[in-house]
Amino acid sequence: MALVMGVDSSTQSCKVVIADASSALSASGANPGIVVRAGRGVHPDGTEVDPDAWWDALQQAIAAAGGLDDVDAWAIGGQQHGMVVLDADGRVIRPALLWNDTRSAGAAADLIAEFGAADLAQRTGLVPVASFTITKLRWLRDHEPDHAARVAAVALPHDWLTWRLRGFGPADESPRGPVLDELVTDRSDASGTGYWNPETGGYDRDLLAAALGHDAVLPRVLGPDEWVTDADGRRVGPGAGDNAGAALGLGAGPGDVVVSIGTSGTVFAVSEHRTIDPTGTVAGFADCTGRFLPLVATLNAARVLDAIARLLDVDHTELSRLALAAASGAGGLALQPYFEGERTPNLPDATATLSGMTLASTTRENLARAAVEGMLAGLGAGLDALRDLDVPLRRALLIGGGAQSEAVRAIAPDVLGMPVEVPPPGEYVAVGAARQASQVLASSAS
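Here's what I pulled together on the structure shown here. Numbering of residues starts from 1 in every chain and runs along the sequence as written. Note on the predicted model: pLDDT of at least 70 is required for a residue's local features to be given, and 80 or more for side-chain atom pairs to be given and counted; whole-chain, interface and lining totals, by contrast, use all residues. As a convention, hydrogens and water are excluded, and side-chain values are obtained from all of the structure's heavy atoms.

Okay, unusual backbone geometry next. In this model, His81 sits at a positive phi of 75°, which is unusual for a non-glycine residue. Relative to the elements of secondary structure, His81 occurs in the loop between β5 (71-78) and β6 (84-86). Helical segments are the DSSP runs of H or I of at least four residues, strand segments are the runs of E of at least two, and each set is numbered from the N terminus.

Structure, rendered in structure tokens:
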């Protein structure tokens, strides 16, 4: 039995699954392969993280999953947009700025002023917001010019982890040395940088230079069926951004829309055609299979429920019971849950607002209901934005930690305005990476 490893290096943790290659290749989304063993490592909190913490968590997760000795191929999925900058010796110059770090909001506005939203959307599929890598590089240029001047290569989290696990890195730490040209990525993660063109499949070097101040080595973008090797000769897949990895793990196809409620909230559809949205509401991402993955993201998702559960001093089971005990509309109580700013709409400095408070409406039940409805309303607006761009939507798949809430599952169809399916809980990003590794293994053997 051939084994493959799939990794999900997310904001909060690193999950590893070791799966039977033939089962992972043929399994449906509801039965995502036979996971032989699994492991996990924890990431530190924060919006600025030393990438070495990801590396340590990956090593812990691999060890907990029984190691790599019997694994034939692997691939890594991970959080998108995070800025990992390397010097000429392959060393990380400064802690990575993550997708949820909003300090580069001003840099985003500057880039839009310089190039125009419509032109940027046409060239890259994106209108810059603080989440995207291009804005973080501009922030680095403007606020840490000495660091920016040292940048020899720019990678994203899954690019850097793939590079390190293949055996590359600083000369005194890695057997294969600091070969920056060996950095690789995939279409989905490249499409989240703000300087990659999904139409041509190439980098927009002028935009990179406008952001960073100079050119730099960027990861080679592997096609869906391409692979590289690690130091032990194993096949290594291109990897994927977390949402594209989840779509692959779910077996999502054209017409499917995935609503993911995790640290962030995302609504993304698998499409045969590229989308261009000059308003920036819909990001015109690519996926990791050769298709496209138009996506709407919110910064405030499952943690909205965490915050209200803490406020009410209840666990999530009781929060669900309270929410379901209230009527639809929560008696007029409404929560706009911008606790940490927001990406969609682009309000990086916004705060949360509770409105409609009367003596009758201000109850524990209504507050719980307003939290669920408020969180889902942002995702429902994402579905509407996809419809406005004529993206076909046939079925909705609800995943992520928030999908395990009974109240979320019950309330979602009304708020989202369409039938909702809830697949069994699973590490779909890691399973998607394992499925990709199985495809690489099969293609290399043919």
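This part takes up the nonpolar core. A general trend in soluble globular proteins is that nonpolar side chains are found buried together. Nonpolar cores were defined as sets of buried Ala, Val, Leu, Ile, Met, Phe, Trp, Tyr and Cys residues, with membership established by side-chain atoms within 4.5 Å. Residue exposure (1.4 Å probe, protein chains only): buried if accessible area is under 20% of the type maximum, exposed if over 50%, otherwise partly exposed. Counting residues in hydrophobic clusters, the biggest one holds 43 residues, and the most contacted among them are Val85, Leu137, Leu140, Val151, Val154, Tyr195 and Leu212. Elements that contribute at least two residues to this core include exactly α5 (133-143), α9 (205-212), α10 (242-250), β18 (283-286), β19 (292-298), β22 (395-399) and α15 (428-445). Here this core gets five residues from one element, more than from any other, and that element is α10. The contact rule is simple, with two residues in contact once any of their heavy atoms fall within 4.5 Å. With near-sequence residues (within four places) excluded, Val85 lies in contact with Arg91, Val92, Ile93, Arg94, Leu137, Leu140, Val151, Ala153 and Val154. If you look at the next biggest cluster of nonpolar residues, it comprises 42 residues, including Val304, Ile308, Leu416 and Met418.

Let us now look at the packing of α5 against α9. Put simply, α5 and α9 touch, their axes get as near as 6 Å, and they point 40° apart. Classed by the angle they form, the pair α5 and α9 counts as oblique. On α9, the residues that touch Ile134, Leu137, Arg138, Leu140 and Arg141 of α5 are Leu207, Leu208, Ala210, Ala211 and Leu212. Note on residue categories: nonpolar means Ala, Val, Leu, Ile, Met, Phe, Trp, Tyr, Cys or Pro, charged means Asp, Glu, Lys or Arg, and polar means any other residue, Gly included. When grouped by side-chain class, the residues that make up the contact of α5 with α9 number eight nonpolar, no polar and two charged. Axis definition: a line fit to C-alpha positions, over the contact stretch in the case of helices; interaxial angles, taken between N-to-C directions, run 0 to 180 degrees. An angle below 35 degrees is read as roughly parallel, one above 145 as roughly antiparallel, one from 65 to 115 as roughly perpendicular, and any other as oblique.

Turning our attention to the sheet that holds β18. Pairing within the open sheet is mixed, and its six strands lie in the order β18-β19-β17-β16-β22-β23. Since the sheet does not close on itself, it has two edges, and those belong to β18 and β23 (420-421), each with one partner. In terms of strand pairing, strand β16 (residues 256-261) meets strand β17 (residues 265-269) through five bridges, oriented antiparallel. If you follow Val259 over to β17, its bridge partner there is Val267. Packed onto the sheet, helix α13 (residues 364-388) meets β16, β17 and β19 and runs at close to 25° relative to β17. One bridge is not enough; two strands pair if DSSP finds at least two bridges between them.

The next thing to look at is the environment of Leu416. Mapped onto the secondary structure, Leu416 falls in helix α14 (residues 406-416). Placed 34 residues apart in sequence, Leu416 and Gly382 show a C-alpha to C-alpha distance of 9.2 Å. With residues up to four places along the chain from it excluded, the contact list for Leu416 reads Val259, Leu376, Leu379, Gly380, Leu383 and Arg387.

This paragraph deals with the pairing of β18. On β18, burial covers both faces: Ala283 and Phe285 on one face and Gly284 and Ala286 on the other are all buried. Strand direction decides the pairing type here: β18 and β19, joined by four bridges, are antiparallel. In the sheet register, Gly284 faces β19, and the bridge partner there is Pro294. Here β18 folds back onto β19 in antiparallel fashion, the turn holding five residues, of which Gly290 has a positive phi close to 110°.

Attention now goes to the layout of surface pockets. Here a cavity is any set of points on a 1 Å grid over the protein atoms alone where a 1.4 Å probe fits but cannot get out, and a pocket is any open set with protein on both sides within 12 Å along at least 5 of 7 lines; a residue lines the site when it has an atom within 4 Å of a point. Grid points are joined across faces, edges and corners, and a volume is the space filled by probe spheres set on the points. Counted as a void, the largest pocket has a volume near 1100 Å³. What lines the largest pocket is a set of 48 residues, and nearest its centre among them are Ile261, Gly262, Thr263, Gly400 and Gly401. Elements that contribute at least two residues to the lining of the largest pocket include exactly β2 (13-20), α10, β16, β19, α11 (302-312), α12 (316-325), β22 and α15. Examining the composition of the lining of the largest pocket, we find that four residues originate from one element, α11, more than from any other. Looking at the lining of the largest pocket residue by residue, the classes come out as 16 nonpolar, 23 polar and nine charged. Of the pockets and cavities examined, the second largest pocket occupies roughly 210 Å³. Along the wall of the second largest pocket there are 17 residues; nearest its centre are Tyr338, Thr344, Gly374, Ala377 and Gly378. Listing elements by their share of the lining of the second largest pocket, those giving two or more residues are β20 (334-336) and α13.

Before going further, it helps to spend a moment on the packing of helix α3 (residues 105-115) against helix α4 (residues 117-124). Between α3 and α4, whose axes approach to 7 Å, the crossing angle comes to 95°. In this view, α3 runs roughly perpendicular relative to α4, as classed from their interaxial angle. Seen from α3, the contacting residues are Leu111, Ile112 and Phe115; seen from α4, they are Ala117, Asp119, Leu120 and Arg123. For the contact of α3 with α4, a count of residues per class yields five nonpolar, no polar and two charged.

Turning our eyes to something else, we now look at the packing of aromatic side chains. Centre distance and the angle of the planes are the two values used to describe a pair of aromatic rings. Centres within 6.5 Å make a pair out of two Phe, Tyr or Trp rings, where for Trp the six-membered ring is used; the pair is then stacked when the planes are under 30 degrees apart, edge-to-face when over 60, and tilted otherwise. Tallied over the entire structure, the rule returns three aromatic pairs. Look at Tyr195 and Tyr203: their rings are 6.2 Å apart centre to centre, the planes differ by 35°, and that puts the pair in the tilted class. Its end group placed over the ring of Trp55, Arg164 keeps NZ or CZ at 4.7 Å from the ring centre. When the NZ atom of lysine or the CZ atom of arginine is within 6 Å of a ring's centre and also within 35 degrees of its normal, the charge is said to sit over that ring. Its end group placed over the ring of Phe292, Arg187 keeps NZ or CZ at 5.3 Å from the ring centre.

Here we take up the side chain of Thr344. Counting through the fold element by element, Thr344 comes out in the loop between β20 and β21 (353-355). In this structure Thr344 comes out as buried when scored by relative accessible area, which is 15%. What qualifies as a polar contact is a pair of N or O atoms within 3.5 Å, subject to a donor-acceptor requirement within protein and to the restriction that residues adjacent in sequence count only when both atoms come from side chains. There is a polar contact of 2.6 Å between the side chain of Thr344 and the backbone oxygen of Ala297.

This brings us to the state of the cysteines. Sulfur atoms of two cysteines make up a disulfide when they are within 2.5 Å. A full pass over the atoms with the stated rule returns zero disulfides. Of all cysteine sulfurs, the one in Cys288 lies closest to Cys14, which takes part in no disulfide; the gap is 17 Å. With a relative accessible area of 0%, Cys14 lands in the buried category.

This brings us to the side chain of Thr124. Considering the arrangement of structural elements, one finds Thr124 in helix α4. A polar contact is formed between the side chain of Thr124 and the backbone oxygen of Leu120, at a distance of 2.8 Å. Looking at Thr124, its side chain comes within polar contact range of the main-chain nitrogen of Leu126, at 3.1 Å. Contact partners of Thr124, with chain neighbours within four places excluded, come to Ser191, Gly194, Tyr195, Trp196, Pro198, Leu207 and Arg274.

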